[in-house]
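So you can see what is in the structure, the chains are spelled out below.
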Amino acid sequence: MSQPRNGTPGDVEEIHWPSLVAAISSISAVGIAIGLGLPLLSIILEKRGISSTLIGLNTAMAGIAAMAAAPVTTKLAHTYGVAPTMLWAVLISALSALGFYYAQDFWMWFPLRFAFHGATTTLFILSEFWINAASPPSKRGFVLGIYATVLSLGFAAGPLLFSLLGSDGIFPFLVGAGAILLAAIPIYIARYESPILEEKPELHFMRYVFLVPTATAAVFIFGAVEAGGLSLFPIFAVRAHFTESQAALLLTMMGVGNVIFQIPLGLLSDRIPDKRPLLAGMALMGFTGSMMLPLLVDNWLLMAGLLLFWGGCVSGLYTVGLSHLGSRLTGSDLAAANAAFVFCYAMGTVAGPQAIGAAIDVAGNNGFAWAIAAFFGFYAMLSGIRLMFIRKRT
């Protein structure tokens, strides 16, 4: 079996488990911190009287930071190595996560968001490249399903921790920073297993954004819904007369759905040569689930059941989109395309919180669901049109 350290994604014939354990466990620790931090920070700003639009604007800094980090991450990994770059990113993200507690002025949260999400973007890009390097093409969907499942466990644990810790004092921030620092352990242990980026990508970075448009558009929509939904759903739920704890548990149910669905969706994508119809179908399910949210605000159990199924299916946009990307490219081209993939995700995290926050301010609490439905409906329409044109050509 080819060693990922000396090869490129697609060279391996069997799953290289030591590399997978390192990459997946490290990014999952970061997922716990993000899952805890997004609702925590939004609730704190809400208590301070900050408007939903400004909360969305501050959350959108995450996307701006990710867009800035994505083009340079591959260059940093070329120069300093994958594992050393990831270790520095762990340190920066942990320090900035703790910094939110000490930053009392609202304007200070903007550079902190930039530092935190810029560093975590680097971790996501390099972890996913590492995972691809350790995955045979025939099992890529399955491996990415494992990755998404464990990452979803981290995201689900974050809101659950928030429901237990609350939003008062320094302790929630210490837990978040500590979870991030734990990510350094598996990275350091497996540092000699990390892949080496020897050759440079053939195309300019922005060309990769448009090289596989179905995948990059899917992750843009997913980024918009995930960032806007995670950060503003607690506000939607509290205004719908759920308690903070109930709102956090609803987010946890969405995370549980992610855990249940990711491996089956990954296995399904491995069996489907053309993954575009599957992506369009998940967007339609996202649209339908979004439109049902205002109808279920009076029943916590029905809302939880919807989010369990809806969240699990919708999160597959990222997993299947990444699998679609990996089926088209290899080597450094795949690493650069993965950076472009995350770049489009970041663009979504800029557009989503701002659009959803503004929709709440303009249309009331139901604007949350309507804005999310608009994102999904737009992608379903575009992907459907693209599929029709492709079939006509063939």
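The model shown is predicted, which means the values in this text are computed figures rather than measured ones. (Residues numbered from 1 in each chain as written. Predicted model: local features only at pLDDT ≥ 70, side-chain atom pairs only at ≥ 80, totals over all residues. Heavy atoms only, no water.)

S.K.: I'd love a proper account of the pattern of salt bridges, names of residues and values included.
M.R.: Inspection of the entire model under this criterion finds one salt bridge. The residue lysine 47 makes a salt bridge to aspartate 168 at a minimum N-O spacing of 3.8 Å. Taken together, the residues lysine 47 in helix H1 (residues 17-47) and aspartate 168 in the loop between helix H5 (140-165) and helix H6 (171-182) connect sequence positions 121 residues apart. (Salt bridge = Lys/Arg side-chain N within 4 Å of Asp/Glu carboxyl O. Helix = DSSP H or I, 4+ residues; strand = E, 2+ residues; numbered from the N terminus.)

S.K.: Can you lay out H5 for me, pointing to particular residues and giving the numbers?
M.R.: Here H5 spans 37 Å end to end across 26 residues, near enough to the 38 Å set by a 1.5 Å rise per residue. Directly after H5, the chain includes glycine 166, whose backbone phi takes a positive value near 75°. (Expected span 1.5 Å × (residues − 1).)

S.K.: Mind laying out helix H4 (residues 109-133), listing which residues take part and the relevant values?
M.R.: For an α-helix the count is 3.6 residues per turn, leaving residues at separations of three or four pointing the same way. If you check H4, its first and last C-alpha atoms are 36 Å apart, about what 25 residues at 1.5 Å a residue would give, namely 36 Å. For H4, a buried count of 22 out of 25 residues is recorded, marking the element as mostly surrounded by other parts of the structure. (Buried < 20%, exposed > 50% of the residue type's maximum accessible area, 1.4 Å probe, protein only.)

S.K.: Tell me what's going on with the domain arrangement of the chain, and back it up with residues and numbers.
M.R.: You can read the domains of the chain as domain 1 (14-197) and domain 2 (204-393). Between the C-alpha centres of domain 1 and domain 2 the distance comes to 19 Å. Opposite the 47 residues of domain 1 that make contact, domain 2 presents 50 residues. Three residues stand out in domain 1 for area buried against domain 2, namely Ser52, Met67 and Glu128, and they jointly supply 13% of the buried area on that side. If you look at where domain 1 meets domain 2, you find zero salt bridges. Counting every contact that joins domain 1 to domain 2 gives four residue pairs in polar contact (both at pLDDT 80 or more). Elements represented by at least two residues in the side of domain 1 that touches domain 2 include exactly H1, helix H2 (52-80), H4 and H5. When its residues are assigned to classes, the side of domain 1 that touches domain 2 shows 25 nonpolar, 17 polar and five charged. (Domains from an automatic or database assignment. Contact = heavy atoms within 4.5 Å. Buried area = accessible area lost by both parts, 1.4 Å probe. Polar contact = N/O pair within 3.5 Å; in protein donor to acceptor, adjacent residues only side chain to side chain. Nonpolar A, V, L, I, M, F, W, Y, C, P; charged D, E, K, R; others polar.)

S.K.: An account of a nonpolar patch on the surface is requested, with residue identities and associated values reported.
M.R.: Taken together, Phe378, Met381, Leu382, Ile385, Met388 and Phe389 make up a surface patch of nonpolar side chains, about 600 Å² in accessible area. One can find methionine 381 in helix H14 (residues 367-393). (Patch = residues over 30% accessible without salt bridge, like charges linked within 9 Å, V, L, I, M, F, W, Y side chains within 5 Å. Areas by Shrake-Rupley, 256 points an atom, 1.4 Å probe, with all protein chains shown as cover.)

S.K.: Kindly report on the side chain of threonine 319, identifying the contributing residues and their values.
M.R.: Of note, threonine 319 is situated in helix H12 (residues 300-328). Given a relative accessible area of 4%, threonine 319 falls into the buried group. A distance of 2.5 Å separates a polar atom in the side chain of threonine 319 from a polar atom in the side chain of glutamine 262. Discounting chain neighbours no more than four positions away, the residues touching threonine 319 are Leu144, Gly145, Ala148 and Gln262.

S.K.: Before we move on, could you go through the side chain of threonine 120 and cite the residues and values that matter?
M.R.: You can see threonine 120 is positioned in helix H4. Among the polar contacts made by the side chain of threonine 120, one reaches the main-chain carbonyl oxygen of histidine 117 at a distance of 3.2 Å.

S.K.: Mind laying out the packing of aromatic side chains, listing which residues take part and the relevant values?
M.R.: Two measures describe an aromatic ring pair: the distance that separates the ring centres and the angle between the ring planes. Counted under the stated rule, the structure contains 13 aromatic pairs. With 5.8 Å between their ring centres and 45° between their planes, phenylalanine 233 and phenylalanine 236 make a pair best called tilted. Taken together, the residues phenylalanine 233 and phenylalanine 236, both in helix H9 (residues 213-239) and three residues apart, mark about one turn of the helix. A single burial state applies to phenylalanine 233 and to phenylalanine 236, both of which are buried. Where phenylalanine 233 meets phenylalanine 368, the ring centres are 5.9 Å apart and the plane angle is 55°; that geometry is what we call tilted. Separated by 135 residues along the polypeptide, phenylalanine 233 in helix H9 and phenylalanine 368 in helix H14 bring together distant segments of the chain. A residue is classified by how much of its surface remains accessible, and phenylalanine 368, at 2% relative accessible area, is buried. (Phe/Tyr/Trp six-rings, centres within 6.5 Å; stacked < 30°, edge-to-face > 60°.)

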